Every structure is written in C-alpha cells, then in structure tokens.
Amino acid sequence: FIYNFSPTMSDDPDGGVNADYADWIALADDAQNLIDRLDLVLTGNRMSTDTKTRILNLLNEIPISANAPDEDRYSRMVLAITMTMTAPGYLVQR
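Criteria and cut-off values
- Residues numbered from 1 in each chain as written.
- Predicted model: local features only at pLDDT ≥ 70, side-chain atom pairs only at ≥ 80, totals over all residues.
- Heavy atoms only, no water.
- Helix = DSSP H or I, 4+ residues; strand = E, 2+ residues; numbered from the N terminus.
- Contact = heavy atoms within 4.5 Å.
- Areas by Shrake-Rupley, 256 points an atom, 1.4 Å probe, with all protein chains shown as cover.
- Axes fitted to C-alpha atoms, helices over the stretch in contact; angles between N-to-C directions.
- Parallel < 35°, antiparallel > 145°, perpendicular 65-115°, else oblique.
- Left-handed = near helix turned anticlockwise from the far one by under 90°.
- Nonpolar A, V, L, I, M, F, W, Y, C, P; charged D, E, K, R; others polar.
- Core = buried A, V, L, I, M, F, W, Y, C linked by side-chain atoms within 4.5 Å.
- Buried < 20%, exposed > 50% of the residue type's maximum accessible area, 1.4 Å probe, protein only.
- Arc of directions from axis to C-beta.

Caption draft 1: Structural detail: the overall build of the chain. Regarding its fold elements, the chain presents five helices and zero strands. Look at the contacts in the chain between residues 6 or more apart in sequence, and 46% of them connect residues 24 or more apart. Carbon and sulfur atoms form 51% of the exposed surface of the chain, whose accessible area is close to 6500 Å².

Below, the structure written as structure tokens:
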C-alpha cells in the first residue's frame, strides 16, 4: 500500500523503497557541513562536540579523489550517517 505513494519505489515488487541520498552526497565535499546537517536532522542538535570531532577526523581520512569522486562522496556519506546513528545523541531520546 505505502509503496504506491513513494517516488523512490523500486521496480521490483519485493525490492521495497530505494532511499534517495542525493542531497546528502552533495554535502560530502564539506565534511563539517555534512556533520552539522546530520546533527540537526537526526539528533536535533544533540550531538556532542567530541562525537562531531571524531566523525570529522574519520571523514577527512577519505579524500575525494579525481579517479572516483562519486564513490568517495558516497563512502563519506555512509560513514557519517552510520556514525551519527550509533552516537549517543541519536540513540538517547530525551
């Protein structure tokens, strides 16, 4: 039922909904901006400075290369989202 209303519906009836990460990938060039946006959207600005710094340090270890810039942006985005969603600011509901 809900799949009929999703613009990212899979062509495969068993495939579910495909997430559209285009807006997040576009932020991956600026790691701090990506982290700040995830903090706002996923934690309501509850992410600690220490957590932000740790995520930033890891994202900066993934340079955006000329050979595969889209893959690097995707890797940065996935890492940032995963770390945000496993951080206390996201997991602890207030």
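Having seen it, we continue.
Caption draft 2: Inspection of the packing of helix 3 (residues 49-59) against helix 4 (residues 69-85) at higher detail. Interaxial distance between helix 3 and helix 4 falls to 10 Å at its minimum, and their mutual angle equals 160°. Regarding the angle of helix 3 to helix 4, the classification is roughly antiparallel. Handedness of the crossing formed by helix 3 with helix 4: right-handed. Residues Ile55, Leu58 and Leu59 of helix 3 form the contact with helix 4, whose participating residues are Arg76, Leu79, Ala80, Met83 and Thr84. Among the residues making up the contact of helix 3 with helix 4, the classes are represented as six nonpolar, one polar and one charged.

Caption draft 3: Summary view of the nonpolar core. Residues Trp24, Ala31, Leu34, Ile35, Leu38, Met47, Ile55, Leu56, Leu59, Met77, Ala80 and Ile81 constitute the largest nonpolar core, which totals 12 residues. At the level of elements, helix 2 (31-43), helix 3 and helix 4 are the ones that each hand at least two residues to this core. With four residues, the single largest contributor to this core is helix 2. Those residues in contact with Leu59, other than ones at most four positions away along the chain, are Ala31, Leu34, Ile35, Arg76, Leu79 and Ala80.

Caption draft 4: Expanded view of helix 3. Those residues of helix 3 not exposed but buried are Thr51, Ile55, Leu56 and Leu59. Angularly, the buried residues of helix 3 cover 135° about the axis, an arc narrow enough to put them on a single face. In helix 3, the exposed positions angled more than 90 degrees off the buried face are occupied by Thr49 and Arg54. The secondary structure elements touched by the buried residues of helix 3 are helix 2 and helix 4.

Caption draft 5: Main features of the environment of Gly89. Assignment of secondary structure puts Gly89 in helix 5 (residues 88-91). Accessibility expressed as a relative area gives 13% for Gly89, which makes it buried. Here the alpha-carbon distance between Gly89 and Gly44, two residues 45 residues apart in the chain, equals 8.5 Å. With sequence-adjacent residues up to four places away left out, Gly89 is seen in contact with Thr43 and Arg46.

Worth remembering: the numbers are spatial, not functional.
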